[in-house]
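Topology and contacts: notes
Here are the chains, one letter per residue:
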Amino acid sequence: QVQLVESGGGLVQPGGSLRLSCAASGFTLDYYAIGWFRQAPGKEREGVLCISSSGDSTNYADSVKGRFTISKDNAKNTVHLQMNSLKPEDTGVYYCAVRFRTACSAFSSSYNYWGQGTQVTVSS
């Protein structure tokens, strides 16, 4: 059974930090790409960051450049999204998804399985 479970979301003040985790099961991260996406209220889902099977990262949102970092631990089959200097515009539901290819893709339709999402709210 392929499963992705996000955790680590919550309420944080502007300028604060959160670390999201994506625990994968039913497959190994050694061979596939994992992407983080988010959906703000009333907005379309957008790609944030993706990490390839080899560990290369790709940014798909200019607004998070320099603030967000993606990483993974193959041994633990877990991907992380470190979010620093958070802004109210970062508010939304964050999802991780697996693409059964080694390389990343900007298109959400190219990912095969999705987690349930975790809510991130940045507000004072």
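Residues numbered from 1 in each chain as written. Predicted model: local features only at pLDDT ≥ 70, side-chain atom pairs only at ≥ 80, totals over all residues. Heavy atoms only, no water.

**Observations concerning the side chain of Glu 6**
As for its position among the elements, Glu 6 is in strand E1 (residues 3-7). In this structure, Glu 6 is buried with no salt-bridge partner, the nearest side chain bearing the opposite charge being Arg 45 at 9.1 Å. Side-chain polar atoms of Glu 6 contact the backbone nitrogen of Cys 96, separated by 2.8 Å. The residues touching Glu 6, leaving out its near neighbours within four places in the chain, are Ser 21, Cys 22, Trp 36, Tyr 94, Tyr 95, Cys 96, Gly 115, Gln 116, Gly 117 and Thr 118. (Helix = DSSP H or I, 4+ residues; strand = E, 2+ residues; numbered from the N terminus. Buried < 20%, exposed > 50% of the residue type's maximum accessible area, 1.4 Å probe, protein only. Lys, Arg positive; Asp, Glu negative; His and termini not counted. Salt bridge = Lys/Arg side-chain N within 4 Å of Asp/Glu carboxyl O. Polar contact = N/O pair within 3.5 Å; in protein donor to acceptor, adjacent residues only side chain to side chain. Contact = heavy atoms within 4.5 Å.)

**Re the pairing of strand E4 (residues 33-39)**
Counted residue by residue, E4 has 6 buried out of 7 residues, so it is predominantly covered. The pairing of E4 with strand E9 (residues 92-99) spans 7 bridges and is classified as antiparallel. Residue Ala 33 lies in a different strand from E9, and its bridge partner there is Arg 99. Bridge count for E4 against strand E5 (residues 46-51) is 5 bridges, and the pairing is antiparallel. (Pairing = 2+ DSSP bridges.)

**A word on the sheet that holds strand E8 (residues 78-83)**
Pairing is antiparallel across the open sheet formed by 4 strands, whose spatial order is E1-E3-E8-E7. Each end of this open sheet is capped by a strand with a single partner; those strands are E1 and strand E7 (68-73). With strand direction ignored, the average angle separating the axes of adjacent strands in the sheet is 15°. The sheet contact formed by E1 and strand E3 (residues 18-25) spans 5 bridges and is antiparallel. Residue pairing in the sheet places Gln 3 in a bridge with Ser 25 of E3. (Axes fitted to C-alpha atoms, helices over the stretch in contact; angles between N-to-C directions.)

**Some thoughts on the side chain of Ser 53**
Inspection of the secondary structure puts Ser 53 in the loop between E5 and strand E6 (57-59). Judged by its relative accessible area of 14%, Ser 53 falls in the buried class.

**Quick look at unusual backbone geometry**
Despite not being glycine, Asn 77 shows a phi value in the positive range, around 55°. Looking at the secondary structure, you find Asn 77 in the loop between E7 and E8. Judged by its relative accessible area of 13%, Asn 77 falls in the buried class. In this structure, Ser 85 takes a positive phi of about 50° despite not being glycine. Here Ser 85 shows up in the loop between E8 and E9. Overall, the relative accessible area of 43% leaves Ser 85 in the partly exposed class.

**Observations concerning the packing of aromatic side chains**
Under the criterion given, the structure shown has 9 aromatic pairs. Ring centres of Phe 37 and Trp 114 lie 4.8 Å apart, and the angle between their planes is 50°; on these two criteria the pair is classed as tilted. Placement of Phe 37 in strand E4 and of Trp 114 in strand E10 (residues 113-114) is noted, with a sequence separation of 77 residues between them. Among the aromatic residues, ring-to-ring pairing joins Phe 27, Tyr 31, Tyr 32, Phe 100 and Tyr 113 into one connected group. If you follow Arg 45 out to its NZ or CZ, it ends over the ring of Trp 114, 4.2 Å from the centre. (Phe/Tyr/Trp six-rings, centres within 6.5 Å; stacked < 30°, edge-to-face > 60°. Lys NZ or Arg CZ within 6 Å of the ring centre and 35° of its normal.)

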